[in-house]
Structure formats: structure tokens, C-alpha cells
Amino acid sequence: MKLGKVMLSWPVLRQFASGDPLGRGAAVTSPHTRELTPRTETADHVARSVCPYCAVGCGQRVFVRDGQVTQIEGDPDSPISRGRLCPKGSASEQLVNAPNRQTTVLYRRPHGTEWEPLPLEQAIDMVADRFLEARRNNWQDTDDSGRRLNRTMGIAGLGGATLDNEENYLIKKLFTAAGAIQIENQARI
């Protein structure tokens, strides 16, 4: 009796005894596996989003439980990706929940050797001040022949492929309005 139970616990014998000779059903499912539930089933709510990695704009479903992202999957209702994600998009949950994710602004002073945390508002003010100063100090109204230029050579923009089309469009508008002419995107380089 005891030997029979042990033998039936062997995977191959269990497959044939249960009528699952190919081992694709319950015969190969462990008790632990039977108790598991998908992370998507336990979510409090599902938010729709767009993958942050490239300009394609694949739709994502973000599953949230207790204020924490538990899973990110392709959105089958997206007319762009129809529920599919590339490997980077599939791994974007790790982008949100990575234990080494930087969540504070760090600043290293000129000639400094250490990074120091800065409040976000102070960092934004520093960037804006430097942007305006570079524009002001390098502004060109006209060239040597008196032709109107209205540009600055002190500001350049390099957009990233992780931004979507709308974000890149707004960045292009901002830099053009500021008088910059050196505006490029990573995707073209």
C-alpha cells in the first residue's frame, strides 16, 4: 500500500494513471502551484498607461495592490500594441519597483567629489536659472551681415527614445521658442 502511493507520486506514473500521458494537465501540477493565484487577480485596481521605453506608445495595464505596482502587462484594448509588449516593456514593473531606484535629486558641486541630496524645487530652480543665463549670454540678434537670427548657441537639446511622441514634440517646441537651433533626438543619431 505504501509503495503504491510512492510509485503514484512519480511524475511519469502519475501522468499515465491520471489520463494525462503528455504531462500538460493536473498530473504535473504540484500542490504549491495549485495554491498560487496570479498577481493580476489580487489587484485593488488597474490603471492604463503607456510604456515609457520608446516612441511606439504600447498600451499597458498597471495592476496596483495597496498602493504598490504588482504587475504590468500589455493592454489588449490598445490599438497600437494589441496586448503585446517587447522585452523592455514587459520588464517595466522592475523599473518601478527596483530596490536601487533613485528617488531623490542628487547634486555634485563644481570640483566636488561627493553627491548631495537636493530638494526637487531647488534643483528645478537651478536648472531654470542656468537655462535662462545660457540663453541670455549667448543670444544672437543678427549675424555679421545684419540678417536677423533671433537664436542662441548656448542651449542645445537632445531628446531620448524613452520619451513618447507628444513629450518630444513639447520639448522641441520649448527649445525652439527659447531660440535654440541645435535640437536633436537620440533616435536619429
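Just so it is clear, the model here is predicted, and its values are computed rather than measured.

Peer 1: Can you lay out the overall build of the chain for me, pointing to particular residues and giving the numbers?
Peer 2: Summing up its helical and strand segments, the chain has seven helices and eight strands in all. Taken against the 2.2 N^0.38 rule, which gives 16 Å for 189 residues, the C-alpha radius of gyration of the chain at 28 Å runs more than 25% over that of a compact globule. A principal-axis box enclosing the C-alpha atoms of the chain has dimensions of 100 × 40 × 30 Å. Counting the 189 residues in the chain, one finds 21% classified as buried. Counting only carbon and sulfur atoms, one obtains 56% of the accessible surface of the chain, whose full area is about 14300 Å². Once the 24 positive and 22 negative side-chain charges of the chain are each reduced to a mean point, those two points are 7 Å apart.

Peer 1: I'd like a rundown of the domain arrangement of the chain, residues and numbers included.
Peer 2: Here the chain is partitioned into domain 1 (3–35), domain 2 (45–97) and domain 3 (107–188). Each of domain 2 and domain 3 was reduced to a C-alpha centroid, and the two centroids are 30 Å apart.

Peer 1: Quick one: what's the story with the pairing of strand S6 (residues 139–142), residue by residue and with numbers?
Peer 2: Where S6 meets strand S7 (residues 148–159), three bridges bridge the pair, whose relative direction is antiparallel. Bridging from a neighbouring strand, threonine 142 pairs with arginine 148 of S7. Linkage of S6 to S7, two consecutive antiparallel strands, is achieved through a turn of five residues, within which glycine 146 is found at a positive phi near 85°.

Peer 1: Quick one: what's the story with a negative patch on the surface, residue by residue and with numbers?
Peer 2: A contiguous patch of negative charge, built from Glu121, Asp125, Asp129 and Glu133, is present on the exposed surface. Position of glutamate 121 among the secondary structure elements: in helix H6 (residues 120–137). You can call glutamate 121 exposed: its relative accessible area is 55%.

Peer 1: I'd like a rundown of the sheet that holds S6, residues and numbers included.
Peer 2: The three strands are arranged S6-S7-S8 in an open sheet whose pairing can be described as mixed. Of all the strands in the sheet, just S6 and strand S8 (180–185) have a single pairing partner and so form its edges. Here the average twist between neighbouring strands, direction ignored, is 30°. The sheet contacts of H6 involve S6 and S7, and relative to S7 the element is tilted by about 145°.

Peer 1: Just give me the short version of the packing of aromatic side chains, but keep the residues and values in it.
Peer 2: The tally for this structure, following the rule as stated, stands at one aromatic pair. Centre to centre, the rings of phenylalanine 131 and phenylalanine 175 are 5.8 Å apart; their planes meet at 85°, and the pair counts as edge-to-face. Within this pair, whereas phenylalanine 131 is found in helix H6, its partner phenylalanine 175 is found in helix H7 (residues 165–177), the two being separated by 44 residues in sequence.

Peer 1: Quick rundown of the state of the cysteines? Include the residues and the values.
Peer 2: Going through the model one piece at a time under the given rule, you end up with zero disulfides. In this model cysteine 51 remains outside any disulfide bridge; the closest cysteine sulfur is found in cysteine 86, 5.7 Å from its own.

Peer 1: An account of the sheet that holds strand S1 (residues 45–50) is needed here, citing residue identities and associated values.
Peer 2: Sheet architecture is open: three strands sit in the order S1-S2-S3, paired in antiparallel fashion. This sheet does not close on itself; its edge strands, each paired only once, are S1 and strand S3 (68–74). If you compare each strand with its neighbour and ignore which way they point, the axes differ by 30° on average. As judged from the six bridges shared by strand S2 (residues 59–65) and S3, these two strands associate in the antiparallel manner. Within S3, the position partnered with valine 62 by the bridge is isoleucine 72.

Conventions and cut-offs
Residues numbered from 1 in each chain as written. Predicted model: local features only at pLDDT ≥ 70, side-chain atom pairs only at ≥ 80, totals over all residues. Heavy atoms only, no water. Helix = DSSP H or I, 4+ residues; strand = E, 2+ residues; numbered from the N terminus. Rg over C-alpha atoms; globule rule 2.2 N^0.38 Å. Buried < 20%, exposed > 50% of the residue type's maximum accessible area, 1.4 Å probe, protein only. Areas by Shrake-Rupley, 256 points an atom, 1.4 Å probe, with all protein chains shown as cover. Lys, Arg positive; Asp, Glu negative; His and termini not counted. Charge placed at Lys NZ, Arg CZ, Asp CG, Glu CD. Domains from an automatic or database assignment. Pairing = 2+ DSSP bridges. Patch = residues over 30% accessible without salt bridge, like charges linked within 9 Å, V, L, I, M, F, W, Y side chains within 5 Å. Salt bridge = Lys/Arg side-chain N within 4 Å of Asp/Glu carboxyl O. Axes fitted to C-alpha atoms, helices over the stretch in contact; angles between N-to-C directions. Contact = heavy atoms within 4.5 Å. Phe/Tyr/Trp six-rings, centres within 6.5 Å; stacked < 30°, edge-to-face > 60°. Disulfide = S-S within 2.5 Å.

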